[in-house]
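Coordinate analysis (summary)
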Amino acid sequence: MEALSYLKHFKEVAEHEIMHSGHVACPGCGAAIAMRLALKTLGRDTMLIIPACCWAVIDGPFPYSACSVPVYQTAFETASITAGAVRAGLDATGKKGINVVAWAGDGGTFDIGFGQLSACAERNDNIIYVCYDNEAYMNTGIQRSSATPWGAWTSTTPGSDYKKERKKNLLEIMAAHRIPYAASTTVAYPDDLVLKFRKAMSIEGFRLIHIFSPCPPGHKALEKNSILEARYAVESRVFPLYEVEDGTKYTLSMDPPTRPVADYLDLQGRFRHLNKKERSFIQQAVDEEWTRLMHRMRIDEAL
Amino acid sequence: MQKVLTGNEAAAWGAMCAQAQVISAYPITPQTTIIEELANLVANGMLDARFIKVESEHSAMAGCIGAQAAGARTFTATSSQGLALMHELLHWAALGRLPVVMADVNRAMAPGWSIWTDQNDSLAQRDTGWLHYYCESNQEVLDTVIQSYKVAETVDLPVMLVLDAFFLSHTYEAVHIPSQDETAKYLPPYKPSIYLDVKDPHAFGGIVQQDVYMEFRYKMQVAMNEALEVAEKADDDFREMFGRGYGLIEPYRLDDADYVLVTSGTVASTARVTVDDLREKGHSVGMLKIRMLRPFPFEKVRQILSGRKRVAVLDRNICVGMGGIFTQEIRNAMYHIPEDKRPSIYGYIVGLGGRDVSPEVIASIAEDVQKRAVADGEQVWIGLKE
Amino acid sequence: MAQKPIIYKSWREMPLMTASMGDTTINKTGSWRNVEPHHVEQVPPCSFRCPAGNDVVSFVTLAAEGRLEDAWRVLAQTTPFPGTCGRVCPHPCETECNRAQFGEAINIHSIERYIGDLFRDNPPELKRPPYTGKHIAVIGSGPAGLSCAYQLKMMGNAVTVFEAHSKPGGMLRVGIPDYRLPPDVLDGEIRRIVDMGVEILTDHRVGVDVSFQKLMDKFDAVFVAVGFTNSRPLGAEGDDGDDVIPGIEVLRRINLGMKDGVGDKPLVVGGGNTAMDVARSLLRNGRDVSVIYRRTRHEMPAITEEIEELIEEGIEITFLATPVEVIRENGRMTGVKCIRMKLGEPDDSGRRRPVPIEGSEYIIKADCVVTAIGETTDLTFLPDEILAKTSWNIPADELGRTLFSKMYAGGDVADGAGTVTAAIGYGRRAAIAIDASLRGEAIPENAAVSPSLRDRTGYVVPFEEINLAYFEELPRLEPVPLEIEPRIKTYDEVRQGFSEEDLTREARRCFSCGTCPACDNCFIFCPDVAVIKVKDDPDKFYIVDTEYCKGCGLCAAECPRSCIVMKSVR
């Protein structure tokens, strides 16, 4: 029964079904859930700009599409600028009231599209940029990206060569652009996701939503555990849910009961090779990042 | 209205006449004054357009793609390295059937850095599915921008118009500028048949399997074939309305000429003067200017060159390991005509990296081609320090 | 709605560029699947354990939604006594409640009590079938008898209840003190049964005022529910005096407004509810009462709250001791000789058997002994040929059928279960058997199963299958009882009921184990839009679209309450 109140905002958009069955996402795909929930919130007056990423495939082969809103597939690195330009085209032709949404994976966001993303943010292009982050190049077969976390196995960080670099902190980088809205969310908390899309829709300018999106084949996790994994990512503080407005105003969306990072790691085969020391290093890093985040939240008070 | 404009300014004013709605561009020498002029035109209200000041040429083209897909008329300009960086998206615009219009100021490729003209940048993009115009004068630049939209929007393919660095880009000429209203009578507003529309949603660019990919390529080929006629008519209509036209190719004093100099860009202007000189000296020489490289005006070129003795093709470019690119195009066009009508075709590499192609250089080629024994396919490098 | 495939025969038919012309529903991803979800109604432990057969999870869920009349209707299907049960039932539903392992068990009895009280005086109309023409006699107006009468009436039969006492209610009336069950609650709930048309003849003792055989002859069926009427003897030397009084007799006297007939310093013997009730009543009657029990507190059969409240009220319990001899001086009791016990091996009931410690006798001062060491039946009203086939009870199956046609029995007289709820359940089940047999119909195979569980195909939901992510660890709400000092001087009800706000809050803590309340989790988390919401079907909220379900199992994993199971695809 408590689940009902927990889904207050979702209830209001539950009836909108803009994504179709028959798409070709893997079973248990977090990105498919993310798209479905996002479209429910965004509604039909929405255009999706999708670069090379899993969703470029998921949407279905010609002449079919899983989304009943306009979709423009674009080159890997160009989601942000293409979306910004679609907005310019709409403005130039007098079309109003449309959500222009760039929908990109972590590769297209953290790596190849990073320059364009930064430029778009700096120009404050009037779009919603969504990065569904599955923490590697999943579409091409699980190669490491700069969104891959420390310690993870990928097909290009195999064996003892597991990733030795930290994950890039996208939200902080974007906040540093002083964009009007940057937020993290994940599929385990539909209400949070709906709320953040709604908030983004109410703001003009460059808005970024970073969605942690479990990938069963890429994380070597059970299909049925995608939501659990996303929940544990938040509860273990591996992926904190928060918002940054105008680059300065921080709001923590959820202060979950602390769960050991081990619970999160244990759900995923990509961390299986890590020994106790390495696992505790991850815990330590997560704790530190959390502390830093808490300090950033309070920096306004200091000023 | 008539104004004294540089070639770059003429390109910008062409976009203004055509009422481009979205401009997406990034500065590079020698293109910069195009976008500066556009920025002025937008800033002072003469052009009602959104100008996306992007962070790279790659994004400049992505910007055109996005805006064009949303149903807006777009314009951009670049040069050399910038064009090369765009390469991926040139394919995207063409396969996406987006009638983007772009000016490329021909500039030699690095390294080392050269800001001076040659055609290697644009010719490296020959196979991306764009239409290519090579312009000779500032007026032609402005007029070609307007014509480009007409053709592009009819056949749903993008157009690249090329002007030489500095010889045109930074050289002033008097240019007639039609008003936006006059231009609009020639060029109606952009109305794509299919575009991003929330009321009629389509997903563009999804996966295509082996069973249909070829057909999409074939449709581009059909469109390119149509484009020859469309471009011809667009030029005729333009001439009728504005009193100026250029043809897809332009023969100069060819009626009785045994020897033909094939040129493009500003070299054509120099060649015109040189041909006049040579005629006075009794040489049976004429010139053929190639204005449209893609689609290649096959029939017209064949017709014009058929029955000539010798053809000298001046290439301000080099396909290393093969030769001048225009030479290859001309040879290809002439292969299938009867042997007795087929001229010998000689390739001359000239003016790379902005080296001057003077009347003397052109005259030496005209003389060389008359003397040379066999057309053996060897490229003749003119003015090379041996 | 799936569409037809789009097939291009010529490049001319194809769009300008790769623009979609249809949606992906063409692609039947259901073929990827090797397991698939099934929405099932599992068995909630509360409903499973309710002896009355109440649909606990449903009335709690409805209460949570504020649909109190609907909640009452759910209760009315299985019990005429929600207000009563909400007070006196030992609530095994709460013992089994999965919430007990995450916070505390739901306060189910307070919810039931609230709903019962709310509609007690203005009960909503219930639909009944037309009169069957059959007339059934019920002997005893306790919970078993009235439950059976109520159900039979609901099924369209005429019912006459024979009650020996002057007021109806049986053990509810005479065995439970007013501070636990105020008379207006019982009166109200019985009034509803009478208002439905059930005839209750009080002061009609079968075997005295009317013969059993006459009932058998006159009525279409007879349901015997006379309950426990006699106390077990103390079994101590000198226990035959009138200063050794059965506890249920004391309670009967008090409840019927008579003098209790007990001395100033009574010793109550026993550890069950009767012992607690009689001791606390005597405290209220101003007696210096104490209790003696031969085992430890752990083995006491009384409801835990009753024991706690008795101790709170200052009554002393002597554990591990039992009377062996009543000591009298000049015919007046001065004390009771007791012997200390220790716990030995477990007996049949599973409790450890008390064993006397030799030589440990001692004397407790008392002027009166009240026995509450168990009750038994009095079957002497039965004709000899029937009596011959009985033992301490009337043997009957779970549907109340005895060895004799037309004769049914239920409640304590049949099973000795000793709780109101068990008696209500027995009466209800017997009514099903009686009605079916009078109609000449076969008794439904699952008649003994609680109605709400008949269609549930699953298993009893274990705690491990509750997805705690969807629940908050909230404490149980418990109404504050009356202060000890004033309450032990009156028969005012000790335990208080919920406010409406607390009712809703408490009901909302319910996991709704195995019972789909349409929370939408399966719908929300399906990556394949393959869980479809069903509209306008009260029994079904979702269907799985097998054309597209890829079998990922997220719906089952994220069901908060184990309503979805994954099964292999055949």
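Counting starts from 1 at the beginning of each chain's written sequence and moves along it residue by residue. Numbering of ligands from 1 and lettering of chains from A proceed in the order in which they are written. Residue-level local features of this predicted model are given only where pLDDT is at least 70; pairs of side-chain atoms are given and counted only at 80 or more, and the full residue set underlies all totals for whole chains, interfaces and linings.

**Description of the domain arrangement of chain C**
In many reports, interface size means the accessible area that the parts give up when they come together. Stated formally: The source of the domain bounds is an automatic or database domain assignment.
Assigned domains within chain C: domain 1 (24-41 + 516-568), domain 2 (49-124 + 471-502), domain 3 (135-229 + 377-449) and domain 4 (232-374). If you average the C-alpha positions of domain 1 of chain C and of domain 2 of chain C, the two centres end up 34 Å apart.

**Some points on the interface of chain C and chain B**
For clarity, the cut-off: Residues are defined as contacting one another if the C-beta atoms placed from their backbone atoms lie within 7 Å. As a working rule, the residues Ala, Val, Leu, Ile, Met, Phe, Trp, Tyr, Cys and Pro are called nonpolar, Asp, Glu, Lys and Arg charged, and the rest polar, with Gly in that last group.
Between chain C and chain B, the contact holds 9 residues from the first and 17 residues from the second. Looking at the side of chain C that touches chain B residue by residue, the classes come out as 7 nonpolar, 2 polar and no charged.

**Some remarks on the pairing of strand β14 (residues 352-356) of chain C**
Residues and elements named next belong to chain C. As a reminder of what qualifies: When DSSP locates at least two bridges between a pair of strands, those strands are taken to pair. Helix and strand assignments follow DSSP, with helices taken as H or I runs no shorter than four residues and strands as E runs no shorter than two, numbered in order from the N terminus.
Note: strand β13 (residues 332-346) against β14, 4 bridges, orientation antiparallel. Bridging from a neighbouring strand, Met341 pairs with Pro356 of β14. Between β13 and β14, which pair antiparallel one after the other, the connecting turn spans 5 residues, and Gly350 there sits at a positive phi close to 90°.

**Considering helix α3 (residues 30-42) of chain A**
All names here are of chain A. The condition that has to hold: The span expected for a helix works out to 1.5 Å for each residue beyond the first. The exposure label follows from counting other C-beta atoms within 10 Å of a residue's C-beta, where the C-beta atoms are placed from the backbone and the thresholds are 20 or more for buried and 12 or fewer for exposed, leaving partly exposed in between.
Between its first and last C-alpha atoms α3 spans 18 Å; for 13 residues at 1.5 Å apiece the expected length is 18 Å, and the two agree. The element α3 is extensively covered by neighbouring structure, given that 13 of its 13 residues are classed as buried. One or two residues past the end of α3 sits Gly43, with phi positive at roughly 80°.

**Quick look at the environment of Thr76 of chain B**
Residue and element names in this part refer to chain B. With respect to the helices and strands, Thr76 occurs in strand β4 (residues 74-78). For Thr76, a count of 30 C-beta atoms within 10 Å gives the class buried. Sequence separation of Thr76 and Val100 is 24 residues, and the distance between their C-alpha atoms is 8.1 Å. Excluding residues that lie within four positions of it along the chain, Thr76 makes contacts with Ile23, Ser24, Ala25, Ala60, Met61, Cys64 and Met102.

**Describing the packing of helix α6 (residues 138-155) of chain B against helix α8 (residues 210-242) of chain B**
All names here are of chain B. Keep this limit in mind: For helices, the fitted line uses only the C-alpha atoms of the stretch in contact; every axis is such a line through C-alpha atoms, and the angle between N-to-C directions lies from 0 to 180 degrees. Convention used here: angles under 35 degrees read as roughly parallel, angles over 145 as roughly antiparallel, angles from 65 to 115 as roughly perpendicular, and any remaining angle as oblique. It is the rotation of the near helix from the far one that decides the hand of a crossing: anticlockwise by less than a right angle makes it left-handed, clockwise makes it right-handed.
Contact geometry for α6 and α8: axes closest at 9 Å, N-to-C directions at 140°. Of the possible angle classes, the one that applies to α6 and α8 is oblique. Crossing of α6 over α8 shows right-handed handedness. Contacts between α6 and α8 involve Asp143, Gln147, Lys150, Val151, Thr154 and Val155 from the former and Ala223, Glu226, Ala227, Val230, Ala231, Ala234, Asp235 and Phe238 from the latter.

**What about the sheet that holds strand β4 (residues 99-104) of chain A?**
Spatial ordering of the open sheet is given by β9(A)-β8(A)-β6(A)-β7(A)-β5(A)-β4(A)-β1(A)-β3(A)-β9(B), a layout of 9 strands whose pairing is mixed. Looking at which strands have only one partner, the edges of the open sheet turn out to be β9 (249-252) of chain A together with β9 (203-204) of chain B. Where strand β8 (residues 242-245) of chain A and β9 of chain A come together, 4 bridges link them in antiparallel fashion. Following the sheet pairing, Tyr242 of chain A is matched in β9 of chain A by Leu252 of chain A. Seen against the sheet, helix α5 (residues 79-92) of chain A touches β1 (46-50), β3 (71-73), β4 and β5 (128-133) of chain A and runs at an angle of roughly 165° to β4 of chain A.

**Details of the nonpolar core**
How we decide: As used throughout, a nonpolar core is a set of buried Ala, Val, Leu, Ile, Met, Phe, Trp, Tyr and Cys residues joined through C-beta atoms within 7 Å of each other.
Counting residues in each nonpolar core, the largest one holds 255 residues, and the members touching the most others are Ile49, Val86, Val101 and Val130 of chain A together with Leu261, Val262 and Ala312 of chain B. At 9 residues, α3 of chain A tops the list of elements feeding residues into this core. Excluding residues that lie within four positions of it along the chain, Val101 of chain A makes contacts with Leu42, Thr46, Met47, Leu48, Ile49, Ala83, Ile127, Ile128 and Val130 of chain A. Counting 130 residues, the second largest nonpolar core, distinct from the first, contains Val138, Val222, Val268 and Ile424 of chain C.

**Topic: the sheet that holds strand β10 (residues 290-293) of chain C**
Residue and element names in this part refer to chain C. Here we have 5 strands laid out as an open sheet, ordered β8-β16-β9-β10-β11, and parallel in their pairing. At either end of the open sheet lies a strand with only one pairing partner, and these are β8 (244-246) and β11 (316-319). Pairs of neighbouring strands in the sheet enclose a mean axial angle of 25°, with direction left out of account. The sheet contact formed by β8 and strand β16 (residues 368-371) spans 3 bridges and is parallel. Opposite Pro246, over in β16, you have Thr371 as the bridge partner. Along the sheet, helix α11 (residues 247-255) makes contact with β8, β9 (266-269) and β16, crossing β8 at roughly 70°. Contacts between helix α12 (residues 273-284) and the sheet are confined to β9, β10 and β16, with β9 contributing the most and set at about 165° to the helix.

**Digging into the interface of chain A and chain B**
Facing 36 residues of chain A, the contacting portion of chain B comprises 36 residues. When contributions to the side of chain A that touches chain B are tallied by element, the ones reaching two or more residues are β1, β3, α5 and α7 (114-123) of chain A. Examining the composition of the side of chain A that touches chain B, we find that 11 residues originate from one element, α5 of chain A, more than from any other. Residues belonging to the side of chain A that touches chain B are distributed by class as follows: 20 nonpolar, 12 polar and 4 charged.

**Regarding unusual backbone geometry**
In the segment running from Phe62 of chain A into Pro63 of chain A, the intervening peptide bond is cis, with an omega of 5°. With respect to the helices, strands and loops of the structure, Pro63 of chain A is situated in the loop between α4 (54-58) and β2 (64-65). Going from Thr29 of chain B to Pro30 of chain B, the amide bond is cis rather than trans, its omega being 5°. Relative to the assigned elements, Pro30 of chain B resides in the loop between β2 (22-25) and α2 (32-43). Of note, the phi angle at Asp156 of chain B is positive, near 55°, even though the residue is not glycine. One can find Asp156 of chain B in the loop between α6 and β7 (159-164).

**Describing the packing of α12 of chain C against helix α13 (residues 304-312) of chain C**
All names here are of chain C. Contact geometry for α12 and α13: axes closest at 10 Å, N-to-C directions at 30°. If you check the angle between α12 and α13, you find them roughly parallel. Our pair here, α12 against α13, has a crossing hand that is left-handed. Contacts between α12 and α13 involve Asn273, Met276, Ala279 and Arg280 from the former and Glu306, Ile307 and Leu310 from the latter. Residues belonging to the contact of α12 with α13 are distributed by class as follows: 4 nonpolar, 1 polar and 2 charged.

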